[in-house]
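One letter stands for each residue in the lines below.
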Amino acid sequence: MPLPLNVNVLQPIDRLKFFVERQLIKGAGYQLFVIIGVIALVSMVGGFLLAPISGHESNLAEDIWWAFLRLTDPGYLGDDEGAWKRIVSTLLTLCGYVLFMGTLVAIMTRWLIAFMERLEQGLTPVSIKQHIVILGMSTRVVPIIRELLGVEVNRSFYKKQHKEKNPTLVLLAEEANAVIHQQLLAEVSLPAKWSRQLILRSGNALQSEAIHRAACLQASAVILSNKYQRSDSLVTTDVETIKSLLTLNVLAKGANQFPRLVVELDDVRHTKLAKKSYEGQANIVVTDQTISRLMAQCAVAPNLLKVYTHLLNSQNQGRFFIKDASSHIGKALTEARLYHKNAILVGFIDKTSQSFNLAVGEQAKHRIVPSDSLVYVASNVSQLEPTIQPARPTVLPNKTKVKTNNKEVKPRKKLLLLGWNRRVPNIIHELDSYTNESFDVTLVSTMSAQVRQQEINKLGKFSSRINLTLQEADYMMENEVRQFSPQEQDIILLVYSDRLDSAEEADARVLVGSMALDEVLEQYPNRPHVLIELSDPSNENFLEHSKTDTFITPLLMSHLLSQIALIPEHQVLFDTLMEAEGVQIYLKPLGNYTDKQMLKVEELQPIVESHNELLLGVFQAEATEQAILLNPAIERRISSLSNDLLIVIGE
């Protein structure tokens, strides 16, 4: 029978073990101190063992020194004479191998590895200025890094703004190490030269220490992007973003240094609160509002999404550029345009009123002032440089053909909206804002019709232009889709669900639903205009093979955030273009402007301008690779026989 254990009595050996344990876990310095103590103890024991045979030839101190030498250097082993002396020397040498070559090297190696791991965690504050900071890891991060570091046009523009300094990005992530850094670089696929311009720092954007670690106050721009999150989550990404804004504001006030922020919010109702949270300049981009406007506009105009995708993606040839007007102060817009043969001067942004104005009609006579920013369409930065001599001015002809009025009331359209997320009510309200359009909307989802109606009612009532019907069904089932006669619809919009746990699951459901829809439509000759929304940027390759207009929301928002981070006026430009009323981009056939079947770009430009519109490029319907061509060469011929559409901008 085992003896009872007295738990109240702590044995001396346990006290010693506990003491040694507390010293060893304090770090490499204390571990070395313990090993030094053990070495001293072994040396003393060796000296005492040698003392009986030493006689009067040496004292105890010399015997301990003799033991220490055998302990530290095995080369002394062959110099000893006598059996006992050799036995003690051999034991000391073996202990030396353990203590010096084993324990000591292990402690130093472990300390060095731990030190390198701490460095890889990105805990050291960065000591750079005029960089760009991205706060938080999200699905937007990889496309943003690609845009800012991987695109030559953006790098060149950044260098012009910052005295030929190469752009540097600092990413603040909750977890950072060498493995995560390499995985991120593998996804971004940057050349080695530009990979070194990406710096990772660990921390949370809610913590002031982490914000200091990324040197946010010294940055030229700080980007706060959103993460995928379920719509039923109590703590939304907007709440975290506003808390980060408050933290940044406290630090900025203390240092009297407010960096420019580019903030992404989900809900437009949080905009005022976000503006109050930060006293410096903040470009607030609302995802729900931006994507809802773009979806509504692209639903009304087939193929328009391809134009916007081209304009927002800096890797494409032809995009918007915004430049200060220092070289054209005092000139009229029509006069300034003559100095740009290789770029299209589209209009100007009034920084005072934060408005974009098109350079046509009476506005083309506007005299440029220092507060204006000029908007161009060009392929690269070099095309924005004005020529020494102006081109010969062109005389606008009389309208050769009455064009279709952009505001003409159009026949009622049938729209089948499959799926549900928090943006659906906004999309329908945006469609209602098109005064020349009317829709019969059938809204299909597995979510309760009563719950959906309550969410829609929160934004107010629709006008008579919207006739809404709510149905409960699963669009992934082919038989259930057939009952809504998709072949008779004018527009079909398929959106992902934000009630699932991940973007991958949400997209998988949309893609399966898209395949089921294709099965239904393939037997009918006239295919309706189909748009689908995805939530995972890794599905970008789906755009290349899709027959439909495909929204990848994080990808579009990443492009927009990147351009605003470089040039804040881009927000004014795209906000104006995406609204239902005012300046918009249109796709129109050549026949809207002339009876001729073929014209050169230089012949077509004044004809389009006579209709108070500007020619930006051409949509090549039969092109296999590059369908969008912006800022085409003036010698290029455009033909109505090839079903090409003109890309124009006007009111």
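Residues numbered from 1 in each chain as written. Predicted model: local features only at pLDDT ≥ 70, side-chain atom pairs only at ≥ 80, totals over all residues. Heavy atoms only, no water.

Draft legend 1. A look at the pattern of salt bridges. Throughout the structure, instances matching the rule amount to 26 salt bridges. For E437, the salt bridge identified is with K413, shortest N-O distance 3.5 Å. Of the two residues, E437 sits in the loop between α15 (424-432) and β12 (439-445) while K413 sits in strand β11 (residues 413-418), which places them 24 residues apart along the sequence. Accessibility assignment for this pair places E437 and K413 in one class, buried. (Salt bridge = Lys/Arg side-chain N within 4 Å of Asp/Glu carboxyl O. Helix = DSSP H or I, 4+ residues; strand = E, 2+ residues; numbered from the N terminus. Buried < 20%, exposed > 50% of the residue type's maximum accessible area, 1.4 Å probe, protein only.)

Draft legend 2. Broad picture of the pairing of strand β2 (residues 169-173). Here β2 lies mainly inside the structure; 5 of its 5 residues are buried. Burial along β2 is two-sided: L169, L171 and A173 facing one way and V170 and L172 facing the other are all buried. Of the strand pairs in this sheet, strand β1 (residues 132-135) and β2 are connected by 4 bridges, and their pairing is parallel. Across the sheet, residue L135 finds its bridge partner in β2, namely L172. For β2 and strand β3 (residues 198-202), the ladder comprises 5 bridges, and the chain directions are parallel. Residue pairing across strands places V170 opposite I199, the latter belonging to β3. (Pairing = 2+ DSSP bridges.)

Draft legend 3. Main features of empty space enclosed by the protein. Enumeration over the complete set of coordinates arrives at 1 cavity of 30 Å³ or more. Here the largest cavity defines a volume of roughly 140 Å³. Lining the largest cavity are 15 residues, and of these R140, K227, Y228, R422 and Y496 lie nearest its centre. Of the residues belonging to the lining of the largest cavity, the class tally is 3 nonpolar, 6 polar and 6 charged. (1 Å grid on protein atoms, 1.4 Å probe; cavity = no way out; pocket = protein on both sides within 12 Å on 5 of 7 lines; lining within 4 Å. Points joined across faces, edges and corners; volume = space filled by probe spheres on them. Nonpolar A, V, L, I, M, F, W, Y, C, P; charged D, E, K, R; others polar.)

Draft legend 4. Layout of the pairing of β11. Counting buried positions along β11 gives 5 out of 6 residues, so the element sits mostly inside the fold. Relative to β12, β11 runs parallel, the two sharing 6 bridges. For L418, the partnering residue across the bridge sits in β12 and is V444. In this view, the connection linking β11 to its parallel neighbour β12 by way of α15 has right-handed handedness. Inspection of the sheet shows β11 paired to strand β14 (residues 491-494) by 4 bridges, in the parallel sense. When the bridges of β14 are listed, L417 appears paired with L493. (Right-handed = clockwise from strand over helix to strand, strands pointing away.)

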